[in-house]
Amino acid sequence: MADPSLDTVPADLLALLEEFPAHVKSTHSEATATRYLYPVRKWLTWSQGQPATPELLRQYGRHLKTTAFRPRTRNVDKWALNAWFKFLKERRKLRKLPDLAAMDTGRLDQPAVRWATEEELRLLWKTARALPQHTLRDRFRRGRALVVLAILSYGGLRRSEMLGVDLSDVLLDEDPPRIVVRFGKGAETRWVPVKAELDQVIREWLPIRAEWCQLHLHPSGALLPVDRVRRLSHLGLTTTLRQLCKAAGTRNLTPHCFRRWCGTETERAGGAAAAQALLGHSHISTTYGYLGTNSLRVSESVEAIPSLDPSAPHPAHMPAAATNEHLWRQLL
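Residues numbered from 1 in each chain as written. Predicted model: local features only at pLDDT ≥ 70, side-chain atom pairs only at ≥ 80, totals over all residues. Heavy atoms only, no water.

S.K.: Got a minute to help me understand the packing of aromatic side chains in this structure?
M.R.: Per the stated rule, a full pass over the model turns up 10 aromatic pairs. Aromatic pair F20 and W84: ring centres 5.4 Å apart, planes at 85 degrees, arrangement edge-to-face. One end of the pair, F20, is in helix α1 (residues 11–25); the other, W84, is in helix α4 (residues 71–90), with 64 residues separating them in the sequence. Just as F20 is buried, W84 falls in that class too. Between the aromatic rings of F20 and F87, the centroid separation amounts to 5.8 Å while the plane-to-plane angle is 55 degrees, which identifies the pairing as tilted. Taken together, the residues span a long stretch of sequence, with F20 in helix α1 and F87 in helix α4 at a distance of 67 residues. You'll find F20 and F87 in the same group, each marked buried. (Phe/Tyr/Trp six-rings, centres within 6.5 Å; stacked < 30°, edge-to-face > 60°. Helix = DSSP H or I, 4+ residues; strand = E, 2+ residues; numbered from the N terminus. Buried < 20%, exposed > 50% of the residue type's maximum accessible area, 1.4 Å probe, protein only.)

S.K.: Help me out: how do you make sense of the sheet that holds strand β1 (residues 170–171) in this one?
M.R.: Two pairing modes exist for strands in a sheet, parallel and antiparallel, and in both the strands are linked by backbone hydrogen bonds. Strand order across the open sheet formed by three strands is β1-β2-β3, with antiparallel pairing between neighbours. One side of each edge strand has no neighbouring strand; the edge strands of this open sheet are β1 and β3 (190–193). (Pairing = 2+ DSSP bridges.)

S.K.: It is not clear to me how the packing of α1 against helix α2 (residues 30–47) should be interpreted in this structure. Could you clarify?
M.R.: The description of two packed helices rests on the angle between their axes and on the distance between the axes. Two numbers describe how α1 lies on α2: the axes approach to 8 Å, and their chain directions differ by 155 degrees. The angle between α1 and α2 falls in the class roughly antiparallel. Relative to α2, α1 is oriented so that their crossing is right-handed. Facing α1, whose interface residues are L13, L17, F20, P21, V24 and K25, α2 presents E30, T32, A33, Y36, L37, V40, R41 and L44. Considering only residue class, the contact of α1 with α2 consists of 10 nonpolar, one polar and three charged. (Axes fitted to C-alpha atoms, helices over the stretch in contact; angles between N-to-C directions. Parallel < 35°, antiparallel > 145°, perpendicular 65-115°, else oblique. Left-handed = near helix turned anticlockwise from the far one by under 90°. Contact = heavy atoms within 4.5 Å. Nonpolar A, V, L, I, M, F, W, Y, C, P; charged D, E, K, R; others polar.)

S.K.: Even after reading the chapter, I still don't get the nonpolar core, so can you show me in this structure?
M.R.: Most often, soluble globular proteins keep nonpolar side chains buried together rather than apart. With 46 residues, the main nonpolar core has L124, V148, L149, M162, L223, L224 and F258 as its most contacted residues. Looking at this core, the elements that each hand over two or more residues are α5 (118–129), α6 (136–155), α7 (159–163), β2 (178–181), α8 (196–216), α9 (234–248) and α10 (255–270). Top element by residues in this core is α6. It accounts for 10 residues. When sequence neighbours within four positions are dropped, the list of residues in contact with L224 reads R144, V147, V148, M162, W205, R231 and L232. Membership of the second largest hydrophobic core comes to 27 residues, among which are L6, V9, A52 and M103. (Core = buried A, V, L, I, M, F, W, Y, C linked by side-chain atoms within 4.5 Å.)

S.K.: In this structure, what is going on with the pairing of β2? I would like to understand it.
M.R.: Note on strand geometry: in a regular strand, side chains alternate between the two faces of the sheet. The two faces of β2 match: R178 and V180 on one face and I179 and V181 on the other face are all buried. The pairing of β1 with β2 spans two bridges and is antiparallel. Within β2, the residue paired with L171 across the bridge is R178. As consecutive antiparallel partners, β1 and β2 are separated by six residues. In terms of strand pairing, β2 meets β3 through four bridges, oriented antiparallel. Residue pairing across strands places I179 opposite V192, the latter belonging to β3.

Written out as C-alpha cells, the structure reads:
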C-alpha cells in the first residue's frame, strides 16, 4: 500500500527507495537495513524530493532538533542519509555527495527543547495551586505536587535525589536553611540552599503530610510518601508531572527540564561555578551542557563588556537598526 506522505516525492526516487534496503544488506546487517529505511523515508517526506543543498540540510538539522530528537537518533539519521546519498551517486542520480556537516547547526542556535521555559513553569504552578482541597486526599496530592515543583524549580535536584530526601534532611531552621542530598550521583553528599518560596511550600506541606501519615498509622521518614510506608516512586513522580502538564496544557516536562532551567537561572545570577555547585557536577564542562545559551544572549554579554575606546558610541546613542536583537533576527 502506498504511503500518502510520499505522494510528492518523484517516482524515480520511490523506485530507488524500494531497492535501498537490498543495497544496504550487501554491506551491513538486515537490522541496519531496516533501521536506515525509516530515516530516509522521513527525509524524503520532509524534503519532498528536493536536492540536498547545504541550506536545506541545515534547515533539516534544525527540524530534527525542534522535534526533540535525541543526539543518538540524529546521528543514526545522518548515517542513514550518508548511505542513501552514496547509493544515489552509484546510480548516477548525484554528481557529488552533499556535506552532511551542514545538519550540525551548533550549540548557540539550538532550540532549548529540553529546557523548561518560565512561561511553562508559571502555568504548572498556577495549575498546582488550583488543585482541589476538599478532602485530606485532595490536600495531600496538591501539597505533594507543590513540593515536587518547588524542589525541582528552586533546587535543581535529580529525580533520584529528590525521591531520596527524608524529613531529617530538610533543615529549615538552620543557618542557612538547606536540604541535604545524601543520594547524589557518585554516592556524594552535598546540600542545596532553600529559597524562601521553597521554604514556604515545605512548611505548608509538613502538617498535611503528618496528618496523612497519622491516618494510615504508618509514619514514614520520607519527605514525599505515598499511601502507606512507601515513598514516592519514579513512576509516581512521572505520573504526577504528566498530569500537571496535561492540565496546564504544556509539553510533557521531565525533572531534568526543571534541572536545566534552574541551572541556567543560577548561572545567570551567580556564574557557572555557582550552577556547578548547585547541580552537583564534578566537572564544569558538564554544567555548561545544562545551560541554555543562544546567539542573542551571547551578543548581549559581549555588549556588556566595558568599552575601552573613549570615542566609541554609547549603545543608547546607536540607531535602532543596529541593535543586537534586530541584527540577530536577520542572521538567524
